[in-house]
Structures are given as structure tokens and as C-alpha cells.
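Residue-level structure breakdown
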Amino acid sequence: MNAFPTSASSAPAVQSVSDGLRGTRAPAPGALGVARPRIEGADKVTGRVRYAADQPMSDLAHGWVVTSTVSRGRIRDIDTSAALAMPGVLGVIDHRTAPRLNPRAAGLYGPDDGLQLLQDEVIAHAGRPVALVVAETPEQARAAALALSVSYDEEPHDTDFSLDHPAARPVAVRPTLPLFDEDANVGDADAELAASAVVVDERYRTPEMHAGAMEPHSTTAWWEDGRLQVIDCNQGPFLIAQMLATLFSLDPKQVRVRAEHVGGGFGSKTLIGPHQILAVMATTLFQRPVRVTLTRSQVFQTIAMRPATDQRMRIGADADGRLRAIDHTPAFELSKLTEYIEYCTELTKTLYAATAIRTRLTAVPLDILPPFSVRGPGAAPGSFALESAMDEVAERLGMDPLELRLHNEPAVGPVSGLPFSRRNLVACLREGARRFGWAGRDHRPRTRREGHLLVGTGLAATSFMAGAFPSSASITAETDGTYTVAIGASDIGTGARTALTAVAADALRVDPGRIRLVIADSDLGPAWVAGGSRGTTSWSWAITEAAHKLLAARSDDPTLPLTVSAETRESLGKVSRMERHSYSAVFAEVTVDPATGEVRVRRLLGMFAVGRVVNPLLARSQAVGGMVTGLSMALHEEGVRDPVTGRNVNGDFAGYHIAAHADVPDVEADFVPDYEPGDPSGIKGVGEIGAVGTSAAIANAVWHATGRRHRTLPIRPDRVLEERPER
Ligand code: MOS
């Protein structure tokens, strides 16, 4: 047999990648760029795949989480007697009986006291787990959990967030990964603002938002031959295994985590949470497999949310629309338990040229659930402020908001001074404007009416950081001409499994039908998570390197199976520092009913530059899903906290509104030809950029329709309603 198969898929590549490549060879047409449905799609829609909570298991016990009803204080007592006497109950774990955890266990931002569950009587936020009841069935565990009597010594709490909070301070840490840079301080922002012909100086606010993944978090853990086995739903099994090993002071080789199918994550399944920690505690204490599945309400109370933000944005411009200064001070709420950075300044530092750019990320520690990355973290709320303010600059200049953006296109990174690897924002703006029909728009507000409805359009420009993190992959060339490709990736519903199969086929120059992809198992070795929009790039890099090694090695005896592995840390280290981002331009048309305050999005169009598109069907689905997220952020989503109790009061899908089918119009997403020269496959990442920019585009359209600015999300009917009676 031919050891160097060259037969490529006959399907044509749908995307031209040859234009303007900077000295990088255009890849030969192959398995990349071909629209294919998800490999596991039919199994999913016919109910054949098993999610974490569906796995049948003998001798399985069930844990039910009990959470704190107070926002701050100490547990005075937990009376377990009634619960322990109930049918099927195996026991109760609380701070008096829980296994001791490693106090130095860290998250992505250093030491993380949020992980230290059931270690003492201190309550740091409402919804903090205080006990786990373990029983033979979930129903018995729930009944006993309801019978548990927990009393508290309550202390005054502080959940009242604002940029002006006395505890507001600069961010204290950097993440352990090179995800974010320091604050920017280029030029003299104060002097440039003073010299500007127009200055916008406004506050923009976004609420707490919850990831809302369809599958609630669930973990099943058991000990087998001295190894901790975990069936889980997460965004990266290797990271989860590592964190569990550290937290429980185990040898990392002792922990195996699998997550074969995951029903969405949106950031909320990146790090370990109470379901994993408590399941491991329970199986260790009761020596039986234990499953802990959170209820929808418990997901809201115990799984990290996007923090609320309160952002001061000042932009100064000359009369011709040239930006003199961007001065962005975003505050985000933080828990006192854990560091985290809601990186709202990402776009501020890269999207536009300005003589001066200053950013001051500000944290406000409160008695709340520790926040973490959710759906375009930082960029989504940050771009709402930046792209709303840019629209306000255009308004004050009487300028086309599209022209204002084109006018301030930077030649190099405006803060970093680094070259852009490939910057296709202008192509997105121009092609989007053409398809949307932007030309001829009357830029004055409140000029379009259809019957009783006000009609408006708006746009936003967007970027999202791109890159790759170290990962490892192995490939076995089987003797039957097929290839087994193994990588510790997680497919959280994005289609990663299908995309990586195409990447492997392309790199091995075979038809995807000859690839068997094995993923979602920590035993497959270190791999980056499905997060930071770097899943596909990181995993593809490792697969491509392994494929190249295999093709080079496959010269002697093709009748024997051959396995090669690759680890990308070294090659990633050789990549020169550049500004690497995906780009998009989002256009929205809305109608507003001034009598009811109802905003309806009528059209949404996004043009994206995300590097080479691995699979247009899946990439489009990812982009459209992101834009629906942005629509939902603009109009619906809001975690509401009761100031008296400090508790989230709408923690379920009845109270926490997410855009449903009837809210979503025909959304169009498409891609301009693009190619990332700093990536072996030319790809950037399409994971989160769709969720960024849309909320500002919609808010700008609402202004265009009504003449009123909405600087606080969501744009609820009560905030839009006109002619409201005096209260
Ligand atoms: Mo994403 S919020 O980085 O999983």
C-alpha cells in the first residue's frame, strides 16, 4: 500500500485562501473548508449518545447539594438527625466530616479559596455549598437534603456593585497563561481629551449573566484499582483531572476524567465546580460510585457567572472623526474568595488608532459567587461600552458610524506597536455594509416609521484574540489504512470532533472517512481546553504536527501499525509576537414599539474574518449562535440580586430570560476570505467572536430608531417605554 496517501477529498474547498498571503504558501485543497454535518449529529438527535448524567452504572449512589441561604456569616449548626433517619440515606458530608483539601490548590489566577468547599464554617456568598446528602436514589437524596436543618450566624453582607464602590481597586493579579496584557497607557489621554472637538464621557453597565448551558453540570466519580475515575461534562478533561489531583493531593496519574459528550459550556465547564469536588469527596468516604448532578437552580447559585460591569468610557475626537483619545475604566464585580479578570479592555487596546489610549481595569470585591469567563468574557461587555461610545462619537460629529470606524483603522497595534498578523476588519465592515444595505442610511435618529413602530439600524465592529496553547496529540497509522487520532479535546457541542477529523484528514492527506478521532479523556495527555476561542487552533496544531511526523516516519514497513506523538510547546514558543485577532462587523435592524417598550430584532448580519474556515457549516452555526447570545445579552439576560438578602432571585429559566426562537430573526453570518499566517492550518478561531459586538449593534439600532441611548443592559421594555405615567 502507498505509505504516502495523496487522495484528497473530491469536494471543493469553498473558500479562497490565496489572496494576499504574506509569504505563506496557500494550502492545497483538501478536507478543510468543506461543509460537513457533525459526525455524532444523528446519534445526538436520536438520543443515542450518553451525556454525563446518563451513563448507566451499577451500585451508583447519588449526592444532593445543599446550599447556603445567607450571603455572609458562619454555620452555627447543621442538624443531620432527621436526614440520616430517612430511607436510603447513606450519609451527610459537611465541614465537620469532609476530607481535607489542599489549601494551595490554584485556578487560572492563582490561589483559589472558592475551591475549598466544606472546609470550614465560613459562608462567603449565598448559594455556597454547605453539605452533600448521599443516598441510594436522587429522590431520596433530595428529600433528605430538604430535611437538613442548617442554622447560621449571619453577618452583614455587601453585594452592592458599582464603579464608585469604596473597595474598587486595580486588578491584583495576572492569569497564569498569557491571556491578557497589562493596562494600556499610551500618550497623554487627559491632554488629548482636552484638545478634542467632541468628547463622549459616559457610563455603560452590564448585569450578571449566566452561561445557561443546556446540560446542567453532572459528575460521576468512583475509585477503581487505586485510580479515581470521573465521568464528567467539562471543557477540558486534562485540566479538570489536574485540578482534582492537586485539590485532593493525588498523583496526577491517579486521576482519569472523561467527558465524551457535553451539552454546552460557554465557559462554565472550564474549571472544577462543586459537582466534581463533592462527588470525589463522597466516593472517597462511601466507597461507592457517586453521581452529583446540579439542578438548574443550583447551576445558577453555584457555577461561576459573568460578573456585572460598570464602565466609564471617554472618547475624544477631532471634528473630522480622527480619534485623539480612548480612556476606558471598566469595573467588574469580584468575589473575595477568588481572583479573576473580566478583561473588558481587550478591544479598547486593539480596535482603533488613537493618539492616546488608557485603560484601567478595576475590580470590586463583594460577597458574591466567584465570577469566571462566560461567552466572550471581557470582550462582550467591553465591546458594548466601546462600540456604543463610538456610535455616540459619530452622532455628535454627524458622521456615518461606518465611516468613523474606517477612518480610525490602525496600521499596527495601537498599544502594542506590534504588526497585525492579518487584519481583515475593513473587509468585514465593507462587505457587511454592502449586504446589509447600509448605504443611503439617514444617520439621524427617529426618522423611520412603519405604522406605530420606530425602525432603526446599527452596527458594531469587533475583534477577538486568537492564538494557540500547548497541546499534545498522537496518531496511529493502522494496518488497514485508517488512522486513530487521539487528543484530549472536548466537544462541547461546537462540532470540534468533526472539525478535528477534517484537520487530521487534511494533514494526513486522506479522506476524513479514514480518520477515527478519540477525544475527551485526560489519559490522552495535556491539551488546552475548549475555551478562549483557542480549542480548535490549539488541538489542530498538535494534530498537524503529529501528522507531519507520521508522514515523515512512515517509510519502512507499512504492514506494522505506527504511532507518533507531538507536543506543541516548543513550536508555539517560536511564533513571533504579533497582534492576532479574529474580526467581525455586526449589523442590526430593530423595530421599537414606543407604547409597549418592546424591541424586536428584525435583521442581524455578521461578516467574520476568522482565518481559514475549517468547516463552513459548523463555523456558521458557531457564529450565528454567538450572535443570538449577543441578542440575548442586549435584550433579555439579567441576573437579578436582591439587595436585602444578597441572593440571586431569578436563578432558573422562568426568571432568567434567554432569547427563544420567537425572539430570533433570520440571522445571517458569513466569512470574508482570510488566512492566519501564524498558524500551521491558517486558522484563528470562531468560538466566541459571534457573542461580541452584537449587543452594541442592537443598542445603536435602538438609538437610531428612538433617539434614546441605552447604556444599561438589557434594554428591557420598562427602560424603552415612552409616555410612561408619573409614579
Ligand atoms: Mo470561553 S467563556 O473562553 O469557554
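All values derive from a computational prediction rather than experimental measurement.

Side note on the overall build of the chain
- Of the regular secondary structure elements, the chain holds 16 helices and 28 strands.
- At 26 Å, the chain has a C-alpha radius of gyration in line with the 27 Å of a compact globule built from 727 residues.
- The C-alpha extent of the chain, read off along each of the three principal axes, is 75 × 75 × 50 Å.
- For the chain, with 727 residues in total, the buried portion stands at 62%.
- Of the roughly 26600 Å² of accessible surface on the chain, 52% is carried by carbon and sulfur atoms.

Let's talk about the sheet that holds strand β25 (residues 562-567)
- What the 4 strands build is an open sheet, ordered β24-β23-β22-β25; its pairing is mixed. For this open sheet the edge positions go to β24 (515-518) and β25, each flanked by a neighbour on one side alone. The average angle at which neighbouring strand axes cross in this sheet is 15 degrees, direction not considered.
- Packing against the sheet, helix α11 (residues 496-508) makes contact with β22 (472-477), β23 (483-487) and β24, and its axis sits at approximately 130 degrees to β24.

Quick look at the pattern of salt bridges
- Scanning the entire structure with this criterion turns up 64 salt bridges.
- With a closest N to O distance of 2.9 Å, Glu450 and Arg602 form a salt bridge. Here Arg602 lies in strand β27 (residues 598-609) and Glu450 lies in strand β20 (residues 448-450), a separation of 152 residues in the sequence.
- Overall, Glu450 belongs to the partly exposed group, its relative accessible area being 37%.
- The exposure class of Arg602 is partly exposed, given its relative accessible area of 32%.
- Note that Arg516 is salt-bridged to Glu478, the shortest N-O span being 3.9 Å. Here Glu478 lies in the loop between β22 and β23 and Arg516 lies in strand β24, a separation of 38 residues in the sequence.
- Residue classification places Glu478 among the partly exposed residues on the basis of a relative accessible area of 23%.

Points about the confidence of the model for the chain
- On average, residues of the chain carry a pLDDT of 94, and 95% of them reach 70 or more.
- Confidence over residues 1-28 falls short of pLDDT 50; this stretch has 57 contacts with residues more than four positions distant or in other chains.

Digging into unusual backbone geometry
- The omega torsion across Leu713 and Pro714 is -5 degrees, close enough to zero to call that bond cis.
- With a phi close to 60 degrees, Asp59 is a non-glycine residue in the positive phi region.
- One can find Asp59 in the loop between α1 (41-45) and β1 (61-67).
- The phi dihedral of Arg375 falls on the positive side, at around 35 degrees, and the residue is not glycine.
- Take Arg375: it is sitting in the loop between β19 (362-366) and α8 (379-397).

Points about the domain arrangement of the chain
- As far as domains go, the chain holds domain 1 (52-67 + 72-156 + 211-302), domain 2 (169-209 + 306-466 + 580-720) and domain 3 (468-573).
- Computed over C-alpha atoms only, the centres of domain 1 and domain 3 are separated by 33 Å.
- The interface is formed by 21 residues belonging to domain 1 together with 18 residues belonging to domain 3.
- Carbon and sulfur atoms make up 50% of the surface buried where domain 1 meets domain 3, a total of about 1400 Å² over both sides.
- Applying the counting criterion to the domain 1 and domain 3 interface returns 4 salt bridges.
- For Arg256, the salt bridge identified is with Asp521, shortest N-O distance 2.5 Å.
- Mapped by element, the contributors of at least two residues to the side of domain 1 that touches domain 3 are α5 (237-247) and β14 (255-258).
- Residue classes in the side of domain 1 that touches domain 3 are distributed as 9 nonpolar, 8 polar and 4 charged.

Rules behind the numbers
Residues numbered from 1 in each chain as written. Predicted model: local features only at pLDDT ≥ 70, side-chain atom pairs only at ≥ 80, totals over all residues. Heavy atoms only, no water. Helix = DSSP H or I, 4+ residues; strand = E, 2+ residues; numbered from the N terminus. Rg over C-alpha atoms; globule rule 2.2 N^0.38 Å. Buried < 20%, exposed > 50% of the residue type's maximum accessible area, 1.4 Å probe, protein only. Areas by Shrake-Rupley, 256 points an atom, 1.4 Å probe, with all protein chains shown as cover. Pairing = 2+ DSSP bridges. Axes fitted to C-alpha atoms, helices over the stretch in contact; angles between N-to-C directions. Contact = heavy atoms within 4.5 Å. Salt bridge = Lys/Arg side-chain N within 4 Å of Asp/Glu carboxyl O. pLDDT = per-residue confidence, 0-100. Domains from an automatic or database assignment. Buried area = accessible area lost by both parts, 1.4 Å probe. Nonpolar A, V, L, I, M, F, W, Y, C, P; charged D, E, K, R; others polar.

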